[in-house]
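# Fold and geometry: a report
The lines below spell out each chain.
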Amino acid sequence: MDRKAKKEDFVIKIPGHGTSDRWRPEDEYMLLREADTMQYLWRNTTIPVPEIIAYSGTLDNNVGFPYIIMSRLPGVGR
């Protein structure tokens, strides 16, 4: 598997409840752990997980929402 994604091949995950009135500290914690876990797996195993490009668990960023930007894995979309 080629682990280097083309620059245009990425996925952006924004939680549906990532708004100022619904986003909680525990949600931030879980999003950060998700990104950290995927980074660990990508770096230390051959398990097919996306490469994390950037992430933020807060609403205080350029996007205005918590997010994870990751490489797109090959496969069939739903």
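Anyway, here's the lowdown on the structure attached to this text. All residue numbers here refer to positions counted from 1 along the written sequence of the relevant chain. Confidence filtering applies because this is a predicted model: local features only for residues at pLDDT of at least 70, side-chain atom pairs given and counted only at 80 or more, and all residues used for totals across whole chains, interfaces and linings. Only hydrogens and water are removed before side-chain values are computed, so all heavy atoms of the structure are retained for them.

## As for the pattern of salt bridges
- Any Lys or Arg side-chain nitrogen found within 4 Å of a carboxyl oxygen on Asp or Glu counts as a salt bridge. All chains considered together, the criterion is met by two salt bridges.
- When the shortest N-O distance is used, the salt bridge between Glu34 and Lys13 registers 2.8 Å. Linking Glu34 in helix H1 (residues 25–44) with Lys13 in strand S1 (residues 10–13), this pair joins segments that are 21 residues apart in sequence.
- A 1.4 Å probe rolled over the protein chains alone gives each residue an accessible area, and that area as a share of the maximum for its type sets the label: buried under 20%, exposed over 50%, partly exposed in between. With a relative accessible area of 31%, Lys13 lands in the partly exposed category.
- Where Asp36 meets Arg33, a salt bridge forms, and the shortest distance between an N and an O atom there is 2.6 Å. Placement of both Asp36 and Arg33 in helix H1 is noted, with a separation of three residues, approximately one turn of the helix. Elements are defined by DSSP. Helices are runs of H or I of four residues or more, strands are runs of E of two residues or more, and each kind is numbered from the N terminus.

## Here's the deal with H1
- Residue count minus one, scaled by 1.5 Å, sets the expected span of a helix. In this model, H1 (20 residues) spans 28 Å end to end at C-alpha, consistent with the 28 Å of a helix rising 1.5 Å per residue.
- Considered for burial, the residues of H1 that qualify are Asp27, Leu31, Leu32, Ala35, Met38 and Gln39. For H1, the buried positions fall inside an angular range of 130 degrees around the axis, keeping them on one side. More than 90 degrees from the buried face of H1, the exposed residues found are Pro25, Met30 and Tyr40.
- The elements touched by buried residues of H1 are strand S2 (52–56) and strand S3 (67–71). In this description, one arc is meant: the one made by directions from the helix axis to the C-beta atoms. When checking whether two residues touch, look at their non-hydrogen atoms; a contact exists if any pair is within 4.5 Å.

## Quick notes on the packing of aromatic side chains
- Two rings from Phe, Tyr or Trp (for Trp, the six-membered ring) form a pair when their centres are within 6.5 Å of each other. A pair whose planes differ by under 30 degrees is stacked, one over 60 is edge-to-face, and the rest are tilted. Counting across every chain of the model gives zero aromatic pairs.
- The side chain of Arg33 reaches across the aromatic face of Tyr29, ending 4.9 Å from its centre. As a reminder, the over-ring test applies to NZ of lysine and CZ of arginine, requiring each to be within 6 Å of the ring centre and within 35 degrees of the ring normal.

## Topic: a nonpolar patch on the surface
- Taken together, the side chains of Phe10, Ile12, Ile14, Ile53, Val63 and Phe65 make up a nonpolar region of the molecular surface, amounting to roughly 530 Å² of accessible area.
- As for its placement among the helices and strands, Ile14 is situated in the loop between S1 and H1. Like charges within 9 Å and nonpolar side chains (Val, Leu, Ile, Met, Phe, Trp, Tyr) within 5 Å are joined into patches, using only residues over 30% in relative accessible area that form no salt bridge. Accessible surface is estimated by sampling points in the Shrake-Rupley manner with a 1.4 Å probe; for residues, cover comes only from the protein chains shown.

## Looking at the environment of Asp60
- Inspection of the secondary structure puts Asp60 in the loop between S2 and S3.
- Among the residues examined, Asp60 registers a relative accessible area of 72% and is labelled exposed.
- For the pair Asp60 and Ser20, spaced 40 residues apart in the sequence, the C-alpha separation amounts to 9.9 Å.

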